[in-house]
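Observations on the three-dimensional arrangement
Okay, here's what each chain looks like letter by letter:
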Amino acid sequence: MRRQHPAAALALCAVLQSACSPTPPPAGPSSTAPPPSAAPAASAAPASAPGSAVASAAPAPASNVQVLEEVAGVTAASYEPRGFDKLTASQRAVAYHLAQAALAGDPLFTMQTSRYGWPATQLVMQLLAQKSKLDPALRGKLVTFRKMLFLHHGIHDARSGQKLVPPFSRQELEAAAKALKIAIPNDLLAGLFDPKVAPVVTNKTPGKGKDPLVESAANHYEGVSSKDLEKFKEKYELNGRIVKKAGRLVEEIYRAGGDGAQPGVGAAELGRVVKHLEDARALAPAAQQGALRHLIRYLKTGQPDEFTDHDIAWLKQVFPVDYILGFIETYTDVRARKGGFEGLVFIPDPDRDPPLQAVARNAQYFEQKLPWEAKWKRDVFQAPAAAAVIALAATGDGGPFTFSGVNLPNAQALREKYGSKNFVVLSAMDTRVALTFDKTVDEFAPAEVRAEIHRCGNAMMLAAVSFHEVTGHGSGKVNPDLKGDPAELLAPYYAALEEGRASRVADWLAGDAKTVELGMLPDAGCARVFPAYTAMMQLTMLKSVPQGDVAEEDHLRAELIAFGWVKDKGAVAAETRDGKTFFVVKDPDAWRRASGELLAELHRIKATGDREALKALVEKYGTRINPAWRDEVLARLKALSLPPNIATIPPMIKPILDADGRVVDATAEQTTSLDAYIAALEKSWADAD
């Protein structure tokens, strides 16, 4: 599971050339200095207390964040590829090929978000290919919409799931297409302009008598209802879609074809992914070659066993150039079965990795300190692999709204037996911090804790995400007689439970003395202000539902449950001061006790498969927001001129070829133009074809 922790997500939360082509992708200028509009980095966390067993995390480096542009409420910002020059030539070549694989699969997630997302993208690309023939006013609107389609992977907002409004009218689009002799299907026009058609990607609360599967726009099912699937057992849970043909349910498999398998859904895109992975495997270290071999066979054949074998090999260590690639997270499926395609490539940040490694080494200690019953604590513990990283590529479901942290694999049985791998994505966190953190604290933190949150902010963010991933998702056991994976038994509420459970682990462990001893937090003062910091971020998180009052996104649901529970226990209160709302923690110890009680209950629900108890929690606290608070938050953010949403744009990677045209090295440069990034992305698809 991945975590867009409220603490990082709202602090306020090169790839672009085919390996087969000798022509390098467009590259920005060598200077990566931020423009005058770029905000300064947040205050660095203080040094660890004397006598700490491990030095605390190094302060975040000076900000080289560059604001590229604002697109329909989204600020696109790039960051420096720190550490790329420290890799060997061979490692840089591997990074290039892995990044190319990630980019090659990017269209797949757009196909998955709705049946209209990829056709809309292709239509706009067709129109802009003849942009000289377009009316200048419409041309500008189409350019904006192309950027919206890229940022959100389709026609729905990537954060709220609600349908985007095109910046042009249906009449304008039809007239331009007619003039250029481009046909637009009527169903695509309805998908783009009719608010009643596919209004939300994932609709978990469609209303009485309505089917969440039918009411969701996500393209995992076609002509299928929830009732149809009651007794249907699919073989390809993550990498398939289910359609009804002639009254019969059929699984369509995402696969490239080869090794005895016929091509399936997304065969062209996955064929390009496989080609780049094969190039990477030829240069990778031996341990990584084994994992890549299974991944390649999985993407060719679609066989789930190959992906399981990949995960087992991949989990053993963090590689010098690591990756996440495949059909991974199930957030867009109301059944929590179908995985969205994502591709990410990482390199470690050596300056801020040590505290994270210390948490991983002490995972067994932290497991025993968690507040649920001993029978659900793991006594045989595989130390998790973990790294604090910079993203060189972030595509599909992994970008450009790149998460702050991730723990994989998601399968409970694999995690218990083989351990987990965890990434804290500093490039995404640092970018958001640089653009939003200081002003957010000044506006939304109660005055009495403001200075401490400023002082401890960087360390608390790293601690929150690190504990969430390493000791949160990776923790605990379930009853041995549980009839299935909790993700299936507790759907469609499981993701909200699991994200909430992992975040409450972070809340609980932030108050443990060993957290300061290991240097994850600088001192006890930072541990004591951690509850106020979390409460502040829960308030600002309300902005993620800009309209209406229905909460569908699972991370938001998790935080609504946490706030509602702790508020009912009297440990946090909503106070109005000088006309502004603040979430105020009066007693940090009482807040931690209440949060611990919720954590114990969440794990009990997971361990026993108590779906009714989870449903009751979600319905009581997690399905609705307070629109008055939300409107106030949005107004206060607007007054601060803070970006409401930030998309992090990875570097541009350029290959270095030998005389025979083989990639032997690569360079990476900070992206300086969103237009150039998208153009290079599209060119990489065309070159591969």
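Please refer to the structure placed before this passage.
Residue indices begin from 1 for each chain and proceed along its sequence in written order. Local features in this predicted model are restricted to residues whose pLDDT is 70 or higher, and side-chain atom pairs enter the listing and the counts only when it is 80 or higher, whereas totals over whole chains, interfaces and linings include all residues. Calculation of side-chain values draws on the structure's entire complement of heavy atoms; hydrogens and water are dropped beforehand.

1. Digging into the packing of helix α2 (residues 89–104) against helix α9 (residues 267–283)
Put simply, the test is: The angle between two axes is taken between their N-to-C directions and runs from 0 to 180 degrees, where each axis is a line fitted to C-alpha atoms and a helix contributes only its stretch in contact. The way it works is that DSSP assigns letters per residue, a run of H or I at least four long becomes a helix, a run of E at least two long becomes a strand, and they are numbered from the N terminus. Orientation labels follow simple angle bins: below 35 degrees gives roughly parallel, above 145 gives roughly antiparallel, 65 to 115 gives roughly perpendicular, and whatever is left gives oblique. The contact criterion used throughout is that any non-hydrogen atoms of two residues lie within 4.5 Å. Three classes are used: nonpolar for Ala, Val, Leu, Ile, Met, Phe, Trp, Tyr, Cys and Pro, charged for Asp, Glu, Lys and Arg, and polar for all others, with Gly counted as polar.
Look at α2 against α9: their axes get within 8 Å of each other, and the N-to-C directions meet at 170°. The orientation of α2 with respect to α9, classified from their angle, is roughly antiparallel. Between α2 and α9, the contacting residues are S90, A93, V94, H97, L98, Q100, A101 and A104 on the first element and E269, R272, V273, H276, L277, D279, A280 and L283 on the second. Partitioning the contact of α2 with α9 into residue classes produces nine nonpolar, four polar and three charged.

2. Quick notes on the pattern of salt bridges
The condition that has to hold: Any carboxyl oxygen of Asp or Glu that lies within 4 Å of a side-chain nitrogen of Lys or Arg is treated as forming a salt bridge with it. When a residue's accessible area, from a 1.4 Å probe over protein chains only, is under 20% of the maximum for its type it is buried; when over 50% it is exposed; and in between it is partly exposed.
Counted under the stated rule, the structure contains 50 salt bridges. One salt bridge connects E237 with R337, and the closest N-O pair in it is separated by 3.5 Å. With E237 in the loop between β4 (221–222) and β5 (240–245) and R337 in the loop between β7 (322–329) and β8 (340–348), the pair connects residues that are 100 residues apart, well separated along the chain. Among the residues examined, R337 registers a relative accessible area of 16% and is labelled buried. Residue R577 is joined to E575 by a salt bridge in which the shortest nitrogen-to-oxygen separation is 3.1 Å. When salt bridges that share partners are traced, they join K233, E234, E237, R335, R337 and K338 into one network.

3. Description of the nonpolar core
Let me state the cut-off plainly: Throughout this description, the term nonpolar core refers to a set of buried Ala, Val, Leu, Ile, Met, Phe, Trp, Tyr and Cys residues connected via side-chain atoms within 4.5 Å.
Counting 193 residues, the largest nonpolar core has L277, L299, I324 and I453 as the members making the most contacts within it. Apart from the residues within four sequence positions on either side, L277 is in contact with L98, A101, L292, L295, I296, L299 and L325. Listed in part, the seven residues of the second largest apolar core include V224, I242, L249 and V334.

4. A closer look at unusual backbone geometry
A negative phi angle is the norm for most residues apart from glycine, just as the trans form is the norm for most peptide bonds. Residues G399 and P400 are joined by a peptide bond in cis, for which omega reads 5°. Along the polypeptide, P400 turns up in the loop between β9 (385–396) and β10 (405–408). Here the residue pair A491 and P492 is connected by a cis peptide bond, since its omega of 5° sits within 30 degrees of zero. Despite not being glycine, S641 shows a phi value in the positive range, around 60°. Within the secondary structure layout, S641 lies in the loop between α24 (627–640) and β14 (645–649).

5. Description of helix α7 (residues 186–193)
This is how it is decided: Arc, as used here, means the arc of the directions from the helix axis to the C-beta atoms.
Within α7, the full set of buried residues consists of L188, L189, G191 and L192. The arc that holds every buried residue of α7, seen down its axis, measures 160°, which confines them to one face. Residues of α7 that are buried in the fold lie against α4 (117–128), α5 (136–152) and α6 (170–179).

6. Examining the pairing of strand β11 (residues 421–425)
Operational definition: Paired strands, in this sense, are two strands between which DSSP finds at least two bridges.
Counting buried residues along β11, five of its five residues qualify, which places the element largely inside the surrounding structure. Taking every second residue as pointing to the same face, both faces of β11 are buried, with K421, F423 and V425 on one and N422 and V424 on the other. Direction of pairing for β9 relative to β11: parallel, over a ladder of five bridges. Along β11, the bridge assignment pairs A388 with V424. Bridge analysis of β10 against β11 gives four bridges, and the strand direction is antiparallel. Bridging across to β11, L408 finds its partner in K421.

7. A closer look at the packing of aromatic side chains
Inclusion rule: Whether two aromatic rings pair depends on their centres lying within 6.5 Å, for rings of Phe, Tyr and Trp, where Trp uses its six-membered ring; planes under 30 degrees apart make the pair stacked, over 60 edge-to-face, and the rest tilted. Working rule: Lys NZ or Arg CZ, within 6 Å of ring centre, within 35 degrees of ring normal, means a charge sits over the ring.
One pass over the structure, following the stated rule, counts 16 aromatic pairs. Taking 5.2 Å as the distance between ring centres and 70° as the angle between the ring planes, the aromatic pair formed by F583 and W629 counts as edge-to-face. Taken together, the positions of F583 in strand β13 (residues 580–584) and W629 in helix α24 put the pair 46 residues apart, joining distant regions of the chain. When its relative accessible area of 3% is taken as the criterion, F583 is described as buried. Ring-pair connections join several aromatic residues into one group, and the members of that group are W314, Y323, F346 and F423. The ring of W314 is capped by K421, whose NZ or CZ atom sits 4.2 Å from the centre of that ring. Positioned over the ring face of W508 is R592, at 3.9 Å from the centre of the ring.

8. A short note on the state of the cysteines
We apply this condition: Cysteine sulfur atoms are paired as a disulfide whenever they fall within 2.5 Å.
Per the counting criterion, the structure on display carries one disulfide. Between the sulfur atoms of C456 and its disulfide partner C526 the distance amounts to 2.0 Å. Its S-S torsion of about -75° marks the bond between C456 and C526 as left-handed, since a negative value means left-handed. Here the residue C456 occupies a position in helix α16 (residues 447–473), and C526 occupies one in helix α20 (residues 524–540), the gap between them amounting to 70 residues.

9. Focus on the sheet that holds β14
Spatially, three strands are ordered β2-β3-β14 in an open sheet, and the strand pairing comes out mixed. The open sheet has two edge strands, β2 (66–71) and β14, and neither has a second partner. Averaged over all adjacent pairs, the angle separating strand axes in this sheet is 25°, with direction ignored. Alignment of β2 against strand β3 (residues 74–78), held across five bridges, turns out to be antiparallel. From the neighbouring strand, V71 faces β3, where its bridge partner is V74.

10. Here we look at the sheet that holds β4
The three strands lie next to each other as β4-β5-β6, forming an open sheet whose pairing is mixed. Looking along the sheet, the strands with just one partner apiece sit at the ends: β4 and β6 (248–253). Two elements, β5 and β6, share six bridges in a ladder whose sense is antiparallel. Bridge pairing in β6 places I242 opposite E251.

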